[in-house]
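# Structure assessment
Chain residues, written in single-letter form:
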Amino acid sequence: MPLHVKLFLNRSIFTLGRLATMTPKMGNRVTGQNFSRRVSRFFDEPSSIVMNKPLRVRFLYYSDKHFIPLDRLPDIQSILELKMATEQPKLVCLGNPLLDLQADVTSEYLAKYDLKANDAILVDAASGDAKMAIFDEVITFKDVKFVAGGAAQNTARGAAYVLGKGQVGYFGSVGEDKFSAMLLEENDKAGVVSMYQVQKDIGTGKCAALITGHDRSLVTDLGAANHFKPEHLDKHWSVVESAKLFYIGGFHLTVSPEAIVKLGKHAKETGKPFVINLSAPFIPQFFKAALEQVLPYATIVIGNESEAASYAESFGLTCDKDDLESIAKHIVGDSKTKTVIFTHGLEPTVAVSAKATTSYAVKPLAKENIVDTNGAGDAFAGGFMAGLAQDKSLETCIDMGQWLASLSIQEIGPSYPASKVEYQA
């Protein structure tokens with residue numbers, strides 16, 4: 001159901017069309033062209049508004065019974081609350097949102113901050129690290145590309161690429177700043193419903209990908225992404241109840257296992273698919289207890305060969321670290337409903353359940369067509385989840401995952417083609 005907005009301007013009412021993702025931060029008095037230009041940043045269809053004299057913006061209208069003074073809606077969280085109240089995505093994802101800033105830089109720029117050409121580091125705003133200036137600098141670069149990142153958010157965008165606008169919702173935590181504004185805009189473009197919890201005093205998580213040739217130096221500030229609280233799910237439980245299935249990024253185990261368990265219990269009680277991605281080798285290695293806490297709720301677990309090896313080591317398995325079938329069987333345990341899927345680069349994807357073990361060959365892609373493999377696993381999960389949301393067979397879901405991953409690695413960063421490509425079985 002689209003949420004339409006009307007602004008009460010003196011005694012006139014102007015319908016602005018569907019509400020976008022942010023509140024206009026404007027003063028009470030606005031004038032003609034300036035008004036249209038400023039409102040156009042926040043609403044889909046403001047171009048029909050023509051005003052020739054100053055008017056006083058009095059109220060934001062969002063239902064037959066609610067009239068809210070604009071000066072009571074000064075923040076992103078408030079406007080998100082209005083939008084979330086009307087959206088009912090079938091797929092709900094939970095993860096750690098980061099704004100990815102991708103830009104070409106020189107070796108001199110890397111040297112300025114003592115960065116290596118092919119490396120990844122964490123920085124913290126609270127530490128006063130001089131590298132925090134990189135984020136403000138990079139957004140001014142002419143060739144900068146913004147991507148709504150973080151592994152689960154990459155997956156959400158991938159699923160939305162297949163399912164269409166409004167079918168995928170994403171929970172995570174951001175700050176109230178220009179970086180979250182950019183995230184909101186990118187998610188809106190991708191068709192993802194942003195269900196952010198907004199932190200007033202902590203900046204949005206962001207990752208600067210500083211590219212020199214084929215190398216990329218990643219500088220990440222996790223920021224607000226580390227501060228999601230399960231109470232935010234409680235506030236929007238109707239979204240959870242209306243969802244058809246759930247996807248959890250494993251990185252969120254470092255933030256709020258309680259939120260994952262809350263969603264997992266609901267999924268188990270209602271018989272909804274609950275998919276967990278291991279996400280990185282350090283998750284089973286250093287967050288074993290949290291992983292043990294949430295795995296009982298998972299109907300599907302996704303990982304790659306490195307994460308499988310880490311799981312085997314962390315859980316003391318005696319099988320070879322590359323024995324994906326044996327490792328998957330340990331995760332399945334005595335469950336009759338759990339399926340474990342391990343990808344392995346160009347090697348076959350392995351799916352293991354109590355019923356069977358099946359391998360699915362990866363369709364080859366010409367080497368010259370491969371641009372960037374960053375985010376391929378997230379894209380696989382996105383295609384897989386889209387298929388699952390459409391009630392496709394396991395075989396088709398895996399094929400859709402491999403197909404979307406193939407599309408993604410032909411783009412720069414964890415991205416998808418600008419022109420829509422339809423999946424063909």
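The structure displayed is predicted, hence computed values, not measured ones. (Residues numbered from 1 in each chain as written. Predicted model: local features only at pLDDT ≥ 70, side-chain atom pairs only at ≥ 80, totals over all residues. Heavy atoms only, no water.)

## Quick word on the overall build of the protein chain
For the record, the criterion: The secondary structure listing takes helices from DSSP runs of H or I that are at least 4 residues long and strands from runs of E that are at least 2 residues long, numbered from the N terminus. Exposed residues in this analysis have more than 50% of their type's maximum accessible area, buried residues have under 20%, and partly exposed residues fall in between, with area computed by a 1.4 Å probe over protein chains only. Whether two residues touch is decided by their heavy atoms; if any such pair falls within 4.5 Å, the residues are in contact. All accessibility values rest on the Shrake-Rupley procedure with a 1.4 Å probe; residue burial counts only the protein chains present in the view.
Along its length, the protein chain carries 15 helices and 19 strands. Residue burial in the protein chain is summarised as follows: out of 425 residues, 55% are buried. Residue pairs at least 24 apart in sequence account for 70% of intrachain contacts in the protein chain once pairs closer than 6 positions are excluded. Taken as a whole, the protein chain presents about 19,200 Å² of accessible surface, with 50% of it coming from carbon and sulfur.

## Considering the pairing of strand β12 (residues 206-212)
Sheet faces and side chains relate simply in a regular strand, where the side chains alternate between the two faces. Going by this rule: In this scheme, strands are said to pair when DSSP sees at least two bridges between them.
Within β12, 7 of the 7 residues are buried, leaving the element largely enclosed by the surrounding structure. Side chains K206, A208, L210 and T212 project from β12 onto one buried face, and the interleaved C207, A209 and I211 project onto a second face that is buried too. When strand β7 (residues 98-104) meets β12, the two strands line up parallel, connected through 6 bridges. In the strand pairing of β12, Q102 is matched with A209. Here β12 pairs with strand β13 (residues 215-221) via 7 bridges, running antiparallel. By the bridge assignment for β13, A208 is matched with V219.

## Points about the UniProt feature "active site" (unreviewed entry) in the protein chain
To keep things clear, this is the line we draw: UniProt positions are given in the numbering used here, feature names are shortened, and annotations may be inferred rather than shown by experiment.
Residues given the UniProt feature "active site" (unreviewed entry) here are D378. Take D378: it is sitting in helix α14 (residues 376-389). Judged by relative accessible area, D378 falls into the buried class, the value being 16%. The residues touching D378, leaving out its near neighbours within four places in the chain, are A151, N154, T155 and Y416.

## A few points about helix α13 (residues 324-332)
The test is simple: Directions from the helix axis toward the C-beta atoms define the arc.
What α13 keeps buried is the set L324, I327, A328, I331 and V332. Burial along α13 is one-sided: seen end-on, the buried residues are contained in an arc of 145°. Of the surrounding elements, those touching the buried residues of α13 are β16 (300-304), α12 (305-314), β17 (339-344) and β18 (347-353).

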